[in-house]
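# Descriptive structure summary
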Amino acid sequence: MKAMILAAGRGERMRELTLDTPKPLLPLLGVPMIERLISKLRDAGITDLIINTAWQGKKLRDHLGNGAALGVSIQWSDEGDWPLGTAEGIRRALPLLGTQPFLLINGDLAGNFDLVYLARLEPQNAHLLLAKNPGHHPEGDFGLEQGKLLLRSNVSEQSTTLTYLGCGIFNPQIFHHSSERELGPLLNRLLAEQQPVEGELFSGWWLDVGTPERLRLAEELLRDSPADQ
């Protein structure tokens, strides 16, 4: 299975930390967060990687090269000076991704998710990891019922919404002939068309490392979880 790491964002919420450094190269306990992700992918047997870049992408490419130093093979999908959006960026990379389901992961994600398990899945359309809504995203993204995602608008009063944490398995076919710029609207359209999208509740720890505060919190969690380092 191939994996795509989304690394084209500008990291503006990191403020001065990303003025001269791409967010995925910010260190977590001394190791760039994207290197931590690559190591987790490699240890799960996923070594064929595609990484998209935009602003400051050259620094990422210069740092990681072809991935050989980390035991993987990296192909790069350059989007220019500005990111195209999550869905459009994946469409740009489709010639590199091939025809089989691939693992998609955000370049600023930290956590103790099981990539070995995910790599065994072959969903019809997609299989997403969902989590209880964090404080910075209380409205959530989707409902979940018997392993199937629901539109947020279809979640009953007795249920609750959940947040997509930025990791899942995707069939490249869902990006062909689509026009959405971002992944969320694409998935919502599939659900509105009653096309199945699978999901599961993730019970471990995770962080969207999008702010200086969450960067510090991720380091604290890693210190407390030596097995996740």
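Residues numbered from 1 in each chain as written. Predicted model: local features only at pLDDT ≥ 70, side-chain atom pairs only at ≥ 80, totals over all residues. Heavy atoms only, no water.

## What to know about the pattern of salt bridges
This model, assessed by the stated rule, comprises ten salt bridges. Here Arg91 makes a salt bridge to Glu88, at a shortest N to O gap of 2.6 Å. Here Arg91 and its partner Glu88 are both found in helix H3 (residues 86-97), three residues apart, which amounts to about one turn of the helix. Overall, the relative accessible area of 28% leaves Glu88 in the partly exposed class. Measuring nitrogen to oxygen at the nearest pair gives 2.5 Å for the salt bridge that ties Arg189 to Glu180. For Glu180, a relative accessible area of 13% translates into the label buried. (Salt bridge = Lys/Arg side-chain N within 4 Å of Asp/Glu carboxyl O. Helix = DSSP H or I, 4+ residues; strand = E, 2+ residues; numbered from the N terminus. Buried < 20%, exposed > 50% of the residue type's maximum accessible area, 1.4 Å probe, protein only.)

## Observations concerning H3
Residues of H3 that are buried: Ala87, Gly89, Ile90, Arg91, Ala93, Leu94 and Leu97. In the core, the buried residues of H3 are packed alongside strand E1 (2-6), strand E4 (48-53), strand E5 (73-78), strand E6 (102-106) and helix H5 (183-192). (Contact = heavy atoms within 4.5 Å.)

## Some points on the packing of aromatic side chains
Tallied over the entire structure, the rule returns four aromatic pairs. Both rings, one in Phe102 and one in Phe175, keep their centres 6.3 Å apart while their planes meet at 35 degrees; by these two values the pair is tilted. Of the two residues, Phe102 is situated in strand E6 and Phe175 in the loop between strand E11 (163-170) and H5; the sequence distance between them amounts to 73 residues. The burial state of Phe102 is the same as that of Phe175; both residues are buried. Each ring, one from Phe113 and one from Phe202, has its centre 6.4 Å from the other, and the planes form 55 degrees; the classification is tilted. In this pair, Phe113 sits in the loop between strand E7 (109-111) and helix H4 (115-118) while Phe202 sits in the loop between strand E12 (198-201) and strand E13 (206-208), placing the two residues 89 residues apart along the sequence. One exposure class covers both Phe113 and Phe202, and it is buried. Joined through ring pairs, the aromatic side chains of Phe102, Phe170 and Phe175 make up one cluster. (Phe/Tyr/Trp six-rings, centres within 6.5 Å; stacked < 30°, edge-to-face > 60°.)

## Here we look at the pairing of strand E10 (residues 148-151)
The side chains of a regular strand alternate between both faces of the sheet. By the alternation rule, side chains of E10 split into Leu149 and Leu151, which are all buried, and Lys148 and Leu150, of which none is buried. Across four bridges, the pairing between strand E9 (residues 142-145) and E10 is antiparallel. Paired with Phe142 across the two strands is Leu151, which belongs to E10. (Pairing = 2+ DSSP bridges.)

No statement about biological role is implied by the geometric values presented.
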